[in-house]
Amino acid sequence: MSLSNQVAVITGGGRGIGLACARLLARDGAAVVLATPEDEERTTALEEFHDAGHRALGTATDVTSESDLSRMVGETLDHFGRIDILVNNAGIIGPTAELQNVQRHEWEAVMAVNVTGMYLACRAVLPHMISRAGGRIINIASAAGQIGFPLRSPYAASKWAAIGLTKTLAIESAEHGILVNAVCPGPIDGPRMDAIIEAKAQLTGESSDAVRLRLAEDTLLGRLIPAEHIAEMVAFLASNRADSITGQTLDVNAGYRV
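> Can you walk me through the overall build of the protein in this structure?
If you tally the helices and strands in the protein, you get eight helices and seven strands. Scaling as 2.2 N^0.38, a compact globule of 258 residues should have a C-alpha radius of gyration of about 18 Å, and the protein matches this with 18 Å. With respect to the principal axes defined by its C-alpha atoms, the protein has extents near 55 × 40 × 35 Å. By the burial criterion, 52% of the 258 residues in the protein qualify as buried. Summarising the internal contacts of the protein: among those between residues at least 6 apart in sequence, 71% fall at separations of at least 24. Of the accessible surface of the protein, which amounts to about 11,500 Å², a share of 52% is contributed by carbon and sulfur atoms. The centroid of the 21 positive side-chain charges in the protein is displaced by 4 Å from the centroid of its 30 negative side-chain charges.

> What should I look at first to understand empty space enclosed by the protein in this one?
Any empty space left between the atoms is revealed when a probe the size of a water molecule rolls over them. On inspection of all chains with the given rule, the structure shows one cavity of 30 Å³ or more. Along the walls of the largest cavity sit Thr11, Val63, Asn88, Asn89, Ala90, Val113, Asn114, Gly117 and Met118, which together make up its complete lining. Its residues assigned to classes, the lining of the largest cavity shows four nonpolar, five polar and no charged.

> Looking at this model, I keep getting lost on the sheet that holds strand E2 (residues 31–36). Mind explaining?
Within a sheet, adjacent strands bond to each other through the backbone by hydrogen bonds, running parallel or antiparallel. Strand order in this open sheet of seven strands is E3-E2-E1-E4-E5-E6-E7, and the pairing throughout is parallel. The sheet terminates laterally at strand E3 (56–60) and strand E7 (249–252), the two strands that pair on one side only. The average undirected angle you get between the axes of adjacent strands in this sheet is 20°. Two strands pair when backbone bridges link them, and strand E1 (residues 7–11) and strand E4 (residues 85–88) are joined in this way by three bridges, in the parallel orientation. By the bridge assignment, Ile10 is partnered in E4 with Val87. The strands touched by helix H2 (residues 39–51) within the sheet are E2 and E3, with E3 carrying the most contacts at an inclination of about 170°.

> Help me out: how do you make sense of the nonpolar core in this one?
A general tendency of soluble globular proteins is for nonpolar side chains to be buried together. Membership of the largest hydrophobic core comes to 37 residues, with the highest contact counts inside it found for Leu25, Phe49, Val183 and Ile230. For this core, the elements supplying multiple residues, two or more each, are E1, helix H1 (16–27), E2, H2, E4, strand E5 (135–140), helix H8 (227–238) and E7. What Phe49 contacts, discounting residues up to four positions off in sequence, is Leu19, Ala22, Arg23, Ala26, Val32, Leu34, His54 and Ala56. Within the second largest apolar cluster, 27 residues are counted, among which are Val73, Ala90, Met129 and Leu165.

> Which parts of the structure should I look at to understand unusual backbone geometry?
Even without glycine at this site, Leu151 takes up a positive phi of about 75°. Secondary-structure assignment places Leu151 in the loop between E5 and helix H5 (153–173).

Criteria and thresholds
- Residues numbered from 1 in each chain as written.
- Predicted model: local features only at pLDDT ≥ 70, side-chain atom pairs only at ≥ 80, totals over all residues.
- Heavy atoms only, no water.
- Helix = DSSP H or I, 4+ residues; strand = E, 2+ residues; numbered from the N terminus.
- Rg over C-alpha atoms; globule rule 2.2 N^0.38 Å.
- Buried < 20%, exposed > 50% of the residue type's maximum accessible area, 1.4 Å probe, protein only.
- Contact = heavy atoms within 4.5 Å.
- Areas by Shrake-Rupley, 256 points an atom, 1.4 Å probe, with all protein chains shown as cover.
- Lys, Arg positive; Asp, Glu negative; His and termini not counted.
- Charge placed at Lys NZ, Arg CZ, Asp CG, Glu CD.
- 1 Å grid on protein atoms, 1.4 Å probe; cavity = no way out; pocket = protein on both sides within 12 Å on 5 of 7 lines; lining within 4 Å.
- Points joined across faces, edges and corners; volume = space filled by probe spheres on them.
- Nonpolar A, V, L, I, M, F, W, Y, C, P; charged D, E, K, R; others polar.
- Pairing = 2+ DSSP bridges.
- Axes fitted to C-alpha atoms, helices over the stretch in contact; angles between N-to-C directions.
- Core = buried A, V, L, I, M, F, W, Y, C linked by side-chain atoms within 4.5 Å.

Rendered as structure tokens:
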């Protein structure tokens, strides 16, 4: 799936799913832009890409900041001249608690990044994609945006919103040749899931191992999912093999709670 001469912006591209996506898109030939506010993660990732001979740019980008996103678009166009792919990956996990115990500031923090940040990033790149009559927007949603997800109401609500945004934007953008899809991961193996498991264990009084085991057992494959498997779907959607796919939510969830 060659992405030669393509330029991909990945929000939250310094770690986890975002970094896995950036690595695979770069391997497939794309220039990658790591749009993330974490300086150390961004610097480390850029060194990796440059050492491997990949074209890469890092921008200090908080997706809740319109000025940051405007600057990111400007820097990308100055450096590479185009934006072909936007991977909206930036997100926060929010609290693990029953709804009545979720504080308003916690709720609003999740919505600000996971929903408003996605909207702002789309809005920032759309004028350029429209002017070029093409592009791909790939939004990282979640299985939590498709099912009831106890103790995780702000996160689940934000991911339902991400799917709604995806489907609506796909309709609006089709006439401009822009394809918009969402990828819905199941439980991803890594530090973020470790934090969720630990928080749930503390809340329920179970051991972390018991919570992790039950999470794995809720998938048909009996395991958590490597971030690289999400990246494979993102790379497919970014490629010309997905030229007739838009407005869709594609699950990469190991059969989670089917």
